[in-house]
Amino acid sequence: MAADIDRIRLVIIIGSVRQGRFGPVAAEWLASQARLRDDFDIDVIDLDAVWLPDVMFADPAASKPQAVQDLAPWLAAADAFVVVTPEYKQSFPASLKSAIDWYDEEWHAKPVGFLSYGGASSGLCAVAQLRQIFAEAHAVTVRETVSFHAHHDQQYFDPHGRLDPAGCPFNTGHETARAMLDRLGWWARALRRARAAEPYERATNLCLGE
C-alpha cells in the first residue's frame with residue numbers, strides 16, 4: 001500500500017451535459033482502471049450535476065455563485081485531473097469551457113490528462129484545443145491520451161462502464177489508461193513537492209487577458 005503522503009487525489013471531470021451522453025460511462029470505466037491502483041483516491045465530478053452558471057461576471061472581485069463556491073474545494077484538493085470530453089464540431093462542449101473559466105488557482109501547477117470520444121478524430125481535435133486552454137490556466141497536460149472512436153457501440157460496455165473483453169475494440173484502452181495514470185502520478189507528485197517548496201505564482205503582465 002502506498003504511503004498516505006504519496007497518494008494522489010485524482011478528479012475525473014465529465015465535460016458533456018447533453019442528454020444521452022457517453023461521458024458517464026467512459027468516466028466510470030476510467031475510474032475503474034484508477035481504482036486498481038493503490039496510489040489514487042478518485043472523485044468523479046459530473047458537470048451536469050453541479051449546475052455551474054453559463055454567464056460569468058465582468059467584475060473579477062464579485063462574489064461567485066454558490067454552485068461555483070461549492071465545487072471549488074473539490075478542485076482545490078485535487079492533485080491531478082482527467083477531463084472526459086466529446087468532440088462537437090471539432091471542438092469541446094461549452095459546459096467544459098465554462099467550468100474551466102470559473103476557476104483559477106484550482107488548476108495551477110497541476111497535471112491534466114484527457115479521455116476523448118466522438119468525431120472522425122475520436123475527440124482528439126477537442127483535446128488539442130483543451131491543451132492550449134489548460135496551458136493558459138497554468139496547468140500541465142500530459143502526452144498520453146485515451147480516445148474512443150466507436151463509442152456509440154454501447155454493446156461493448158455494461159451499465160457500470162465495464163468493457164466486454166470478447167472482441168471489444170477498446171481493449172487497448174487499458175494499456176493507454178495505465179500509461180496516462182502513471183504519467184499523471186509522476187507529475188502530480190513532482191508538482192505537489194514543488195508547490196510545497198515554493199508557492200506557484202503566475203506572471204500577470206504577460207497576457208492582456210489576465
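Residues numbered from 1 in each chain as written. Predicted model: local features only at pLDDT ≥ 70, side-chain atom pairs only at ≥ 80, totals over all residues. Heavy atoms only, no water.

1. A look at the overall build of the chain
What counts, and what does not: Put simply, DSSP H or I for four residues or longer makes a helix, DSSP E for two residues or longer makes a strand, and each gets a number counted from the N terminus. Only protein chains enter the accessibility calculation, which uses a 1.4 Å probe; a residue is then buried when its area is under 20% of its type maximum, exposed when over 50%, and partly exposed in between. Contacts are residue-level and defined by heavy atoms, with any inter-residue pair within 4.5 Å sufficient.
Counting its regular elements, the chain contains six helices and five strands. The secondary structure elements of the chain, listed N-terminal to C-terminal, are β-α-β-α-α-β-α-β-α-β-α. Each of the 210 residues in the chain was classed as buried or not, and the buried ones make up 47%. Here the analysis covers contacts within the chain between residues at least 6 apart in sequence; of these, 79% occur between residues at least 24 apart.

2. Observations concerning the confidence of the model for the chain
Heads up, the condition is: Per residue, pLDDT captures the predictor's confidence, and it can take any value from 0 to 100.
This prediction gives the chain a mean pLDDT of 87; 83% of its residues lie at or above 70. Of all the helices and strands in the chain, helix α1 (residues 23-34) carries the lowest mean pLDDT, 91, while strand β1 (residues 8-14) carries the highest, 98.

3. Thoughts on empty space enclosed by the protein
In plain terms, the rule: In this analysis the probe radius is 1.4 Å and the grid spacing 1 Å, with only protein atoms considered; a cavity is a set of points the probe fits into but cannot get out of, a pocket is an open set with protein on both sides within 12 Å along at least five of seven lines, and lining residues have an atom within 4 Å of a point. Grid points are joined across faces, edges and corners, and a volume is the space filled by probe spheres set on the points. Any residue outside Ala, Val, Leu, Ile, Met, Phe, Trp, Tyr, Cys, Pro, Asp, Glu, Lys and Arg is labelled polar, Gly included; the first ten of those are nonpolar and the last four are charged.
Under the definition given, this model contains one cavity of 30 Å³ or more. Within this model, the largest cavity holds a volume of roughly 40 Å³. Taken together, Ile13, Ile45, Leu47, Leu71, Leu75, Ala99, Tyr103 and Trp107 form the lining of the largest cavity. By residue class, the composition of the lining of the largest cavity is eight nonpolar, no polar and no charged.

4. Quick word on the sheet that holds strand β4 (residues 111-117)
Threshold: Should DSSP find at least two bridges between two strands, the strands are regarded as paired. Every axis in this analysis is a line fitted to C-alpha atoms, fitted for helices over the stretch in contact. Angles between the N-to-C directions lie between 0 and 180 degrees.
The five strands lie next to each other as β2-β1-β3-β4-β5, forming an open sheet whose pairing is parallel. With one partner strand each, in any of the chains shown, β2 (40-46) and β5 (140-148) form the two edges of the open sheet. Averaged over neighbouring strand pairs, the angle between their axes works out to 20° when direction is ignored. Note that β1 and β2 share seven bridges and pair parallel. When the bridges of β2 are listed, Leu10 appears paired with Ile42. Most of the contacts of α1 go to β1, to which it runs at about 165°, and overall it touches β1, β2, β3 (80-86), β4 and β5.

5. A closer look at the pairing of β1
Rules: The handedness of a crossover follows from its direction of travel: if, with the strands pointing away from the viewer, the path from the first strand over the helix to the second runs clockwise, the crossover is right-handed.
Among the seven residues of β1, six are classified as buried, and the element is accordingly described as predominantly covered. Running through α1, the crossover from β1 to the neighbouring parallel element β2 is right-handed. Sheet analysis places β1 next to β3, joined by five bridges and oriented parallel. When the sheet's bridge partners are listed, Val11 is paired in β3 with Phe81.

6. Describing the pattern of salt bridges
Quick note on the threshold: Only one rule defines a salt bridge in this text: a Lys or Arg side-chain nitrogen within 4 Å of an Asp or Glu carboxyl oxygen.
Considering all chains together, one arrives at eleven salt bridges under this definition. Here Glu28 and Arg35 are joined by a salt bridge, their closest N and O atoms 2.9 Å apart. For the salt bridge of Asp79 with Arg192, the shortest nitrogen-to-oxygen distance reads 3.2 Å. Residue Asp79 is found in the loop between α3 (66-76) and β3, and its partner Arg192 is found in helix α6 (residues 172-197); the two are separated by 113 residues along the sequence. What makes Asp79 buried here is its relative accessible area of 9%.

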